[in-house]
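Residue-level listing of the chains:
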Amino acid sequence: LLAEDSVRFISSYLPNLYKIVLKQSREFMKEALNEHQKMLRARGRPKILLATTYEEALSLYERFKYNLLGVISDVSFKKHRKDIETRDGLEFCSLIKSEDKNMPVLMQSSDVSNERAAKDLGAGFIYKGSKTLSIELRNFVVRNFGFGEFIFRDPDTLQEVARAADLQALQHLILKIPDNVLQYHTRRNEISKWLNARALFPIGQMFKFLSVDDFHSLHDMRNFIYESIANFRMSKGRGVIAEFDKESFDEYLIFSRIGEGSIGGKARGLAFLDALIKKHNLFYKYDNVIVTIPGTVVIGTDIFDEFMETNELHKVAMSDLPDEEILQHFLKAQLSGKLYQDLYALVSALRNPVAVRSSSKLEDSHYQPFAGIYSTYMVPLVENDKPRMVRMITDAIKSVYASVFFRSSKAYMAATSNVIDEEKMGIIIQEVTGNRYGKRFYPTISGVARSINFYPIKPEKPEDGIVNVAFGLGKYIVDGGISLRFSPRYPKKILQLSSPEMAMRDTQKIFYALDLSLDDFTPTADDGFNLLPLPVKEASTDSSLKYVASTYDAENQTIRDGIGGKGRKLITFSSILNHNVFPLAEIVQNILQIGQREMNNPIEIEFAINLDTPPDQPKVFNALQIRPIVLSEQTKNIEIDTYSKENTILYSEAALGNGVFEHMADFVYVKPNAFNAANSKEIAVALEKLNDEFRKTGRNYVLVGPGRWGSSDPWLGIPIKWGQISEARIIVESGLDHFRIDPSQGTHFFQNLTSFRVGYMTVNPYRNDGFYNVEFLESLPATYEDSFIRHVHFDRPIIIKIDGRSNRGIILKPMMNKPSPDGGYLQ
């Protein structure tokens, strides 16, 4: 507030004051995380109020006194707009000081004798005739109005103890300054004033009336200030994509970006999740639980373009070299020096190992989600060795870049009619959720959840969603391992635990952990090279197991909750799903509902949970990814109420998709009588060769095989990747009498099948679940046959129909497509 009636001095003061304010504004705008926050900070700059009479000054003071940084007043100015000069400035100063003795007031006068009266009131004074008037004005405003850096001073000597240039520095100094210094500044309300001058109003107002009398001790007040600033900084970082600044980066920045290019589909989904958590106040919604995303830094696609061009890698990338050779060329290439500097700042803030993940422009799109096609590398944390840590992260980045051009990626791009050289790769560097247990690191729980359930078990409904959870790292789930499946609406109803026998057979046997014992990080084309598949019993001494395991009592043939007592440990999540030790089902159901509503599409999320936290710290639910589930068009009314076995090759009551699939005359199947799980890897190689022939001729085919397609465990099915069977348009999982496996759900492989509108069926004729006419196929001549697989080509197309409403699917013999009066099909 400036109270001055002289046009000459108003003209002198205002330019100086605006110069101070705008300089201050430019400085604190640097703390903003993105352009939007910079704009808000600029709008929140200090405002200058001008009064030319005593009445105006008094009116403005009464209106804005709780938001004033300070007052500059003439000792004498006109009263009642008359030409009578009075010393009402001193009266005005006395009124202000009587209400707030710490409010800074600067008196100015053409009469030097007024200095004594100003000092007696506790105000500053400048002489209007001084040759250094503007300098004295600036020095007083900067020092007393909360502008510039915050200078902590010793209350006895007024000597500088420390100084803070920004909120981050202030937060850390609060814990270090002496008690008498902290008490001096809080008693004078200077911390609040400094925060308000920097447009940090919410936290500035919180500290305005702070007093040590409000706390048990000065130590408690110190911690309150520190925690309040920490929470404020964390909240300002939520729901925004911050611009990475190596000078100010720390653990309070949730999501930041390096580079100007696109951040890729996966990163967009992660930023969307972060915004949803903030918008719907999920962060502290649940008692003793934090719902958040991990600390994330995204490297834009422009860095990828620069890397490819600078190192002239396009020729190598487009070649037919083996994956390992392509990888070695990329590892020898150099990233930009600026990126190295940014990564040095990043590793200083790391507390856990990091996952270096792909985030290409095509990933997680609404039409062709590229799930699990590119690599993800996990890098262990090396403390007190920044150069080594940066080298390992850069090697991981280059390896993810190389994975764009691996053989499976190129096959996938060809199958989706995309051009490989148009793909652009962003990189997500993300802290891994979990704890260290000896020489391994893993989270308590990893999971995949979908807002639509393609295999509901009554009373579940498709819209209730489905969750698959596992102990340890999530690679176990996405690679098709046996996870625990439940509906978030009915968390206590779990088919796998319906009997001790099923629980023994159908629960998790191994878990994945990051191997911390390796001396070095040397990436290979297999991104899981440093992940350990361990038997569950290996975690028996880890404190994490108590949250997820139950004990099988062999004598009584029962399963007991908890890990006390002798017996085999089973991963049942009983304490969570039955006793609600952690509100997993509620959190997942809430996120699925919100995500589907906001995305206007069925969704899939990935998450990781750390329950093994110190007693005074909350449990952590980290949302890792969100992507749309692309459903087949369900506009056609397809009805399959009955069928005739004479005219049918295969019938399923667990089918995914909708519509009539035409123009296919090729049927490839794994011979049931010759199948042995021990040969599943050989079968995968043979199918890949056959698939290559189909790709060359541009034909699609029906593929039928036992167990889970795409499982990483060869004993659960054929360990095949999508690129190896990319031309199959109908994929069927068939059970055998001695080989009964639940359908693939919650895996990247399954996601890709549904994304490309590939018809998907399961049949288990040995338990009266569907029909599979192998005898008919065996009676036909084979175009190709070996010890394990058989390829039959029909002279006329076969007809496949899937009713998405009833989940029924049927594959008819060639041209058996005319309905008969009894509901069957005629030639």
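The notes below deal with the structure included here. Keep in mind that this is a model prediction, so the values were computed, not measured.

Scoring rules and cut-offs
Residue numbers here run from 1 along each chain, matching the order of that chain's written sequence. Two thresholds apply to this predicted model, a pLDDT of at least 70 for residue-level local features and 80 or more for giving and counting side-chain atom pairs, whereas whole-chain, interface and lining totals are computed over all residues. To obtain the side-chain values, all non-hydrogen atoms of the structure were used and water was disregarded. The way it works is that DSSP assigns letters per residue, a run of H or I at least four long becomes a helix, a run of E at least two long becomes a strand, and they are numbered from the N terminus. Residue burial is assigned from relative accessible area. The probe radius is 1.4 Å, only protein chains are included, and a residue is buried under 20% of its type maximum, exposed over 50%, and partly exposed in between. Centres within 6.5 Å make a pair out of two Phe, Tyr or Trp rings, where for Trp the six-membered ring is used; the pair is then stacked when the planes are under 30 degrees apart, edge-to-face when over 60, and tilted otherwise. The criterion is that NZ of a Lys, or CZ of an Arg, lies within 6 Å of the ring centre and within 35 degrees of the ring normal, and then a charge sits over that ring. Strand pairing is assigned whenever DSSP detects at least two bridges linking the two strands. Note on method: axes are straight lines fitted to C-alpha atoms, helices fitted across the in-contact stretch only, with angles between N-to-C directions ranging 0 to 180 degrees. A side-chain nitrogen of Lys or Arg and a carboxyl oxygen of Asp or Glu constitute a salt bridge if their distance falls within 4 Å.

Now for the overall build of the chain. Of the regular secondary structure elements, the chain holds 25 helices and 40 strands. Counting over 827 residues, the chain shows a buried share of 56%.

A separate point is the packing of aromatic side chains. Pairs of aromatic rings are described using the distance from one ring centre to the other and the angle between the two planes. Enumeration according to the criterion identifies 24 aromatic pairs in this entry. With centroids separated by 6.4 Å and ring planes inclined at 10°, the aromatic side chains of Phe776 and Phe794 adopt a geometry described as stacked. With Phe776 in helix α25 (residues 774–778) and Phe794 in strand β37 (residues 789–803), this pair connects stretches of sequence that are 18 residues apart. Overall, Phe794 belongs to the buried group, its relative accessible area being 6%. A cation sits over an aromatic face here: Lys128 above Phe9, 4.5 Å from the ring centre. Directly above the aromatic system of Phe776 lies the positively charged group of Lys813, at a separation of 4.4 Å from the ring centroid.

Turning next to the sheet that holds strand β25 (residues 558–561). Paired through their backbone hydrogen bonds, the strands of a sheet run either parallel or antiparallel. Within the open sheet, the three strands sit side by side as β25-β24-β26. Their pairing is antiparallel. Looking along the sheet, the strands with just one partner apiece sit at the ends: β25 and β26 (568–571). Between one strand axis and the next, the sheet turns through 40° on average, direction left out of account. Pairing of strand β24 (residues 549–553) with β25, which is carried by four bridges, proceeds in the antiparallel orientation. Its bridge partner lying in β25, Ser550 is registered against Asp561.

Pairing of strand β10 (residues 242–243) with strand β11 (residues 255–258), which is carried by two bridges, proceeds in the parallel orientation. Bridge assignment links Ala242 to a residue of β11, and that residue is Ser256. Where β11 lies against strand β13 (residues 296–299), four bridges are found, and the strand directions are parallel. Of the residues in β13, the one forming a bridge with Arg257 is Val298.

Time to look at the pattern of salt bridges. Applying the stated criterion to the full structure yields 26 salt bridges. Residue Asp74 is joined to Lys128 by a salt bridge in which the shortest nitrogen-to-oxygen separation is 3.0 Å. Taken together, the residues span a long stretch of sequence, with Asp74 in strand β3 (residues 71–74) and Lys128 in the loop between β7 (124–127) and α6 (133–144) at a distance of 54 residues. Pair check on accessibility: Asp74 and Lys128 agree, each one buried. Arg391 is the partner of Asp395 in a salt bridge, and the nearest nitrogen-oxygen pair spans 3.6 Å. Here the residue Asp395 and the residue Arg391 both occupy positions in helix α17 (residues 386–403), the gap between them amounting to four residues, near one helical turn. By relative accessible area, which is 32% here, Arg391 ends up partly exposed. Taken together, the salt bridges that share partners define one network made up of Arg450, Glu604, Glu606 and Arg627.

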